[in-house]
Amino acid sequence: MVASFVVNEIWTMENNTLAKNLIYQRKLKGYSQEDLSEKTNVAVRTIQRIEKGNTKPHLQTIKLLAAALEIKVEDLLVLENPKIENLQKKWLLLLHGTPILGLVLPLCNVLFPLFLWIHKREDNPIYDAHGRRVINFQITMTILFLLSFIALITVEGLGFFLFMGVIPYTLIVTILNIVTVLNAKKCYYPLAFPFLKKGMHESSKTIGLLLTFFIFGLIGCNSKSSQNISQLPGTTITRDSLTAKIEQLTTDAQVHGLAVSIFNGNTATYQKTFGYRDYKTKMPLTDSTNMYGASLSKAVFAVLTMKLVEEGIIDLDTPLESYLPKKIYEYEPMTRWHDDFSDLAADTLYPKITARMCLAHTTGFPNWRWFEEDRKLRVKFEPGSRYQYSGEGMVYLQVILEKILSKDLESLAQEYIFKPIGMENSGYQWYTRFEKDFAYGHSTKGQLYPKDTDNEPRGPSTLETTARDYTRFLEAVLQEKLISKSSWAALFRPQIRIRSTKQFGPLSKKDTTLYDAINLSYGLGWGLFETPYGFGAFKEGHGDGFQHYSVIFPQTGKGILIMANSDNGESIFKELLEVAIGDTYTPWEWENYIPYNQ
């Protein structure tokens, strides 16, 4: 359509010029149309049609008219513009085909045809017409893609389908036009906004150049911003500066291995590892190296539990023992120790324990039974009345779920958490495939702890994972995947205020007002505190040679994951949080994260 229109447009222009020349020369000689007809034997009707521009005469006719008027043929005939080259398919193919490169090179769907158009638009009018169509369409689709990306984040359902439709639509239209151009020199680009219009002449070149500078500026801005990490207060830090700072911290504090992921816009935008998985042999730590997750396990287990609550398997506030046909202490233990509840036979408080209490650490159980002088499991205060961190509480919930569903924890976690979000190298138990790349824990002096490979799966403590996998988990949390929005809201709703001076040790029994300003509390499986930028949800992990901390701010889409295979790891957490994301709110004293230089 466009090609035929342009050809007709050129033909009409040529005929109009010929008509004007003929009229001018005829009147200059004082001839009427009839007089000229007699001198040339060209019909009066033909001369009238030539002068009206309604016909393109044969060259012989033009020669007869020129001879009768005693002028040169060139005085009538419009010569071909030497600047206009014959139409070449290769340029049309490049104009219509190069936008496909935008699939792998951002914005090149506009840049490449733009450069071709600026270069070739004066060589043939068809290049100009086709180039404008291609550029207008690609700019329109780029803007639509950006708008659909915003809709993906802000409009549930519709935003997803809009986002998923833009690129396939653009690709299909582009391919169809390539085929059409090769066969018929025609093109059709629906939905294109006419940014570059016909008849803009020299101004079009200026606009094209301005558009080029704008796109380069956009790329430059994106490149610059992509090099920066956005912090909670709105300030930024460059990736290189952060990397240099972490290297300095790990060197000064003698942290033997460290993995850091930082989240902006609900996505990990910085992932880097430092140091070694084995300091003795200097084997480097990578984001695919298996690391013992310690109590990071609890955050995963909490999400798993909420999924089962959604499916109606259990209720958060129904006493857990009521789901079983007999008393929990009457069951024969199936593991070495953790499902042995024989100590509770004489306990009158444990039947009150609910899933909510287990996840919020208000069961009254100790952290672990082996910390008790007699190594006996017991409820130490009225369930639900106060906070006391307890791995035993979550183990109790795990065992109840396993008995209800007749499925083990590992199977449930793989089905509901790990496989759906691609945590391919994670499990609550050790797998032989982890042996090829795993991290040893290191003491403060760099000595290796033996690697535990025989742990039976326990929800609060035995997670084996990688920095890459756990980063995927936190992305899923920030993006509210796996469970419903209402379940995420419930999980991050404060269940109990925390007023203890420390999380562990003797000071865990002494109250303080130090953390009132941030309303330190516990939700379901996650600690919580308030900031001017919305609430922070944190989960730490601590074991021999492994020290981890994660904190996310769902209302800003920001957060950080720190995983260290060194007993010196926690000594840099305070400064790293402040430098990396501007987090000065994490209760580091309560966590006992004493800086290495204090």
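In what follows, the structure referred to is the one given above.
Residues numbered from 1 in each chain as written. Predicted model: local features only at pLDDT ≥ 70, side-chain atom pairs only at ≥ 80, totals over all residues. Heavy atoms only, no water.

Student: When you look at the nonpolar core in this model, what are you seeing that I'm missing?
Tutor: The nonpolar side chains of a soluble globular protein tend to be buried with one another. In terms of nonpolar packing, the biggest core is built from 72 residues, with Tyr-396, Ile-417, Tyr-470, Phe-473, Leu-491 and Trp-526 touching the most fellow members. Examining the composition of this core, we find that 9 residues originate from one element, helix 11 (residues 296–310), more than from any other. Not counting the four nearest positions on each side in its chain, Leu-491 is found in contact with Ala-302, Val-303, Met-306, Ile-483, Gly-523, Leu-524 and Trp-526. With 38 residues, the next largest nonpolar core counts Ile-229, Phe-274, Ala-564 and Phe-573 among its residues. (Core = buried A, V, L, I, M, F, W, Y, C linked by side-chain atoms within 4.5 Å. Buried < 20%, exposed > 50% of the residue type's maximum accessible area, 1.4 Å probe, protein only. Helix = DSSP H or I, 4+ residues; strand = E, 2+ residues; numbered from the N terminus. Contact = heavy atoms within 4.5 Å.)

Student: Whenever I open this one, unusual backbone geometry confuses me. Can you help?
Tutor: For residues other than glycine, phi is negative in most cases, and the peptide bonds are mostly trans. Phi angles above zero are rare outside glycine, and Gln-254 is one such case at about 60 degrees. Considering the arrangement of structural elements, one finds Gln-254 in the loop between helix 10 (239–253) and strand 3 (257–264). With phi around 55 degrees, Glu-480 is a residue other than glycine that occupies positive phi space. Here Glu-480 lies in the loop between helix 15 (467–478) and helix 16 (485–491).

Student: Mind showing me how you'd approach the pattern of salt bridges here?
Tutor: Where charged atoms from two side chains of opposite charge approach closely, those side chains can pair. Applying the stated criterion to the full structure yields 22 salt bridges. When the shortest N-O distance is used, the salt bridge between Asp-343 and Lys-376 registers 4.0 Å. Taken together, the positions of Asp-343 in the loop between helix 11 and helix 12 (355–360) and Lys-376 in the loop between helix 12 and helix 13 (391–405) put the pair 33 residues apart, joining distant regions of the chain. Residue Asp-343 is classed as partly exposed on the basis of its relative accessible area of 28%. Lys-376 sits in the partly exposed class, given a relative accessible area of 40%. One salt bridge in this structure joins Arg-378 and Glu-372, with 3.7 Å as the shortest N-O distance. Owing to a relative accessible area of 30%, Arg-378 belongs among the partly exposed residues under this scheme. Where salt bridges share partners, they join Glu-372, Asp-374, Arg-378 and Lys-380 into one cluster. (Salt bridge = Lys/Arg side-chain N within 4 Å of Asp/Glu carboxyl O.)

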